[in-house]
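# Structural characterization, general
Each chain, written out:
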Number of protein chains: 2
Amino acid sequence: MTVEQYLPFWNQLTPIQQNLLQQAASFRTAKAGEVIHKGAEDCVGLLIVVKGRLRAYTISDEGREMTLYRLLDRDLCLFSASCMFQSIQFDVMVEAEMETQMIHIPASVYRQVMHQSAAAANYTNELLASHFSDVMWLMDQVLFKRMDSRLAAFLLEESELNQSRSLKITHETIARHLGSAREVVTRMLKYFQEEGLVTLSRGTVSIQDEKRLRDVARESLR
Amino acid sequence: MTVEQYLPFWNQLTPIQQNLLQQAASFRTAKAGEVIHKGAEDCVGLLIVVKGRLRAYTISDEGREMTLYRLLDRDLCLFSASCMFQSIQFDVMVEAEMETQMIHIPASVYRQVMHQSAAAANYTNELLASHFSDVMWLMDQVLFKRMDSRLAAFLLEESELNQSRSLKITHETIARHLGSAREVVTRMLKYFQEEGLVTLSRGTVSIQDEKRLRDVARESLR
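The sections below set out a description of the structure shown in this document.

Turning our attention to the overall build of chain A. Check the secondary structure of chain A and you find 7 helices and 11 strands. C-alpha atoms of chain A, sized along the principal axes, occupy 65 × 35 × 30 Å. Burial statistics for chain A: of 222 residues in total, 55% are counted as buried. Contacts spanning at least 24 positions in sequence make up 69% of the contacts within chain A whose residues lie at least 6 apart.

Below, the structure written as structure tokens:
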């Protein structure tokens, strides 16, 4: 168990705090498709991805899911320990998208260290701010700009025009067509790729799931 | 200048940190309608509302606004100092909804204290988590459940049925009609009230701005 290499603030902890975390940390493996954390129901604790991939998402009453962000190697999953924050009152689900090896730290232990160590608290702050940013970006694009539907519709049109599912087009050009910025198009295309709608390679966007892309074009990601 | 009464973690600071904050804090008044903070453009610093009301909102390219949350007396405005967090990359605007008296602390000074003091960092964490919760709730209701449109449509229908803009109806009853929970209806009605769409009093919902309510019924808050 080498929890120290995954926590950037490790060297700023006292030996007692380090020992506390090391004693409490345990190794865990989740199978592909396993739901690790179910909203406010449980408070699994802090999870650090050693190898694999986790997906954080929300789910509507009707069962529609929306991916918020993904956690890759070395990422720390905060929402599986959302009970650490009194103020967090929303439900995020976390599932393993492939077999994922994780280090688990009980929420109570992490909270104790966070309340003692400014370094741990500030690191946690930045993580929270970063997830917040991801969600705000998504909300802005989906809610205000309908960039998801517009991009999906554009890709489908191009595909029909060219009679091909493989489009030779730069992100810059797509952005110009949609009156948007290249960075925005690149980020949304990556989101599409992670959702299995398209695959990206240099200079090419390939449509992977035309049916779902049509749904997005019609209804947006909602 | 009595910054200490507005910072719950004051007693956990060292005299040096307390002095630093006290020296840096200044008093400021904003007029009704004044935009205090314009997204990533500026980093005004931390603002503590002494008396008045601030509104945090996002704005689309087309100029459509969406209120994220409000800051009342004693609330601390974090996003006017969003440059404190490396990871915050989204634009929140803040305006004064009435004449508002505030204490201003430069972002660099607050950050310095936050990086030294676990108490300050954890308090900031909770604030961030609380704003995050507000935004997630709004996103969930607007994006997934269309609770905003459904509630607006319901109120307009009831008003027509009863030939009155003043509806004698409990939140519980509305929730039953919409297949939702009372808490959700109460929260969305409060949001409507803050947006000037309705006014609420015991057992009564009064339609205040029928035109805008029709817009919400048709298009949702987007």
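From this point, things continue past the structure.
A full pass over the atoms with the stated rule returns 9 aromatic pairs over all chains. Note on phenylalanine 9 of chain A and tyrosine 110 of chain A: the rings are 6.4 Å apart at their centroids and 65° apart in plane angle, and the pair reads as edge-to-face. Of the two residues, phenylalanine 9 of chain A sits in the segment before helix 1 (15-24) while tyrosine 110 of chain A sits in helix 2 (residues 107-116), which places them 101 residues apart along the sequence. The same class applies to phenylalanine 9 of chain A as to tyrosine 110 of chain A, namely buried. With 5.5 Å between their ring centres and 55° between their planes, phenylalanine 9 of chain A and tyrosine 123 of chain A make a pair best called tilted. Residue phenylalanine 9 of chain A is found in the segment before helix 1, and its partner tyrosine 123 of chain A is found in helix 3 (residues 118-144); the two are separated by 114 residues along the sequence. Given a relative accessible area of 2%, phenylalanine 9 of chain A falls into the buried group. Given the relative accessible area of 22%, tyrosine 123 of chain A is considered partly exposed. Members of the aromatic cluster, connected to one another through ring pairs, are Tyr69, Phe79 and Phe132 of chain A together with Tyr69, Phe79 and Phe132 of chain B.

To continue, consider the sheet that holds strand 2 (residues 35-38) of chain B. Residues and elements named next belong to chain B. Spatially, the 4 strands line up as an open sheet ordered 2-7-4-5, and their pairing is antiparallel. The open sheet is flanked by strand 2 and strand 5 (65-71), the only strands paired with a single partner. Taking each pair of neighbouring strands and ignoring which way they run, the sheet shows an average axis angle of 25°. Relative to strand 5, strand 4 (residues 54-59) runs antiparallel, the two being bridged by 6 bridges. From the neighbouring strand, alanine 56 faces strand 5, where its bridge partner is tyrosine 69.

A few words on the packing of helix 5 (residues 171-178) of chain A against helix 6 (residues 182-194) of chain A. Residue and element names in this part refer to chain A. Contact pair helix 5 / helix 6: the axes reach a minimum separation of 8 Å and the direction vectors enclose 110°. By the angle between their axes, helix 5 is roughly perpendicular relative to helix 6. Residue-level contacts link His171, Glu172, Ile174 and Ala175 of helix 5 to Arg182, Val185, Thr186 and Leu189 of helix 6. A breakdown of the residues in the contact of helix 5 with helix 6 according to their chemical character gives 4 nonpolar, 2 polar and 2 charged.

The next point concerns the pattern of salt bridges. The full count for this structure, using the stated rule, is 28 salt bridges over all chains. Glutamate 194 of chain B serves as the salt-bridge partner of arginine 70 of chain B, at 3.3 Å between the closest nitrogen and oxygen. Highlighted residues: arginine 70 of chain B in strand 5 and glutamate 194 of chain B in helix 6 (residues 182-194), separated in sequence by 124 residues. The exposure class assigned to glutamate 194 of chain B is partly exposed, which follows from its relative accessible area of 43%. The partner of arginine 182 of chain B in a salt bridge is glutamate 183 of chain B, with the nearest N and O atoms 3.4 Å apart. For arginine 182 of chain B, a relative accessible area of 35% corresponds to the partly exposed category. Three or more residues joined by partner-sharing salt bridges are found here, namely Arg53, Arg55, Arg70, Glu95, Glu97, Glu194 and Glu195 of chain A.

A few words on the nonpolar core. Side chains of a nonpolar character, in soluble globular proteins, are inclined to be buried together. Core analysis: the largest hydrophobic core is formed by 153 residues, its most contacted members being Ile105, Leu155 and Phe192 of chain A together with Ile105, Leu155 and Phe192 of chain B. Among residues more than four places away in sequence, those in contact with leucine 155 of chain B are Leu167, Ile174, Leu189, Phe192, Val198, Val205, Ile207 and Leu213 of chain B.

This part covers the environment of leucine 46 of chain B. All names here are of chain B. Along the polypeptide, leucine 46 turns up in strand 3 (residues 46-51). The buried category is assigned to leucine 46, whose relative accessible area is 0%. A C-alpha to C-alpha distance of 19 Å links leucine 46 and asparagine 11, two positions 35 residues apart in sequence. When sequence neighbours within four positions are dropped, the list of residues in contact with leucine 46 reads Leu76, Cys77, Leu78, Ser80, Ala81, Met84, Ile103, His104, Ile105, Ala107 and Tyr110.

So, on to the state of the cysteines. All names here are of chain A. Overall, the coordinates contain 0 disulfides over all chains when judged by the stated rule. Looking at cysteine 77, it has no disulfide partner, and the nearest cysteine sulfur is the one in cysteine 43, 11 Å off. Classification of cysteine 77 by relative accessible area gives buried; the value is 1%.

The rules behind each value
Residues numbered from 1 in each chain as written. Chains lettered and ligands numbered in written order. Predicted model: local features only at pLDDT ≥ 70, side-chain atom pairs only at ≥ 80, totals over all residues. Heavy atoms only, no water. Helix = DSSP H or I, 4+ residues; strand = E, 2+ residues; numbered from the N terminus. Buried < 20%, exposed > 50% of the residue type's maximum accessible area, 1.4 Å probe, protein only. Contact = heavy atoms within 4.5 Å. Phe/Tyr/Trp six-rings, centres within 6.5 Å; stacked < 30°, edge-to-face > 60°. Pairing = 2+ DSSP bridges. Axes fitted to C-alpha atoms, helices over the stretch in contact; angles between N-to-C directions. Parallel < 35°, antiparallel > 145°, perpendicular 65-115°, else oblique. Nonpolar A, V, L, I, M, F, W, Y, C, P; charged D, E, K, R; others polar. Salt bridge = Lys/Arg side-chain N within 4 Å of Asp/Glu carboxyl O. Core = buried A, V, L, I, M, F, W, Y, C linked by side-chain atoms within 4.5 Å. Disulfide = S-S within 2.5 Å.

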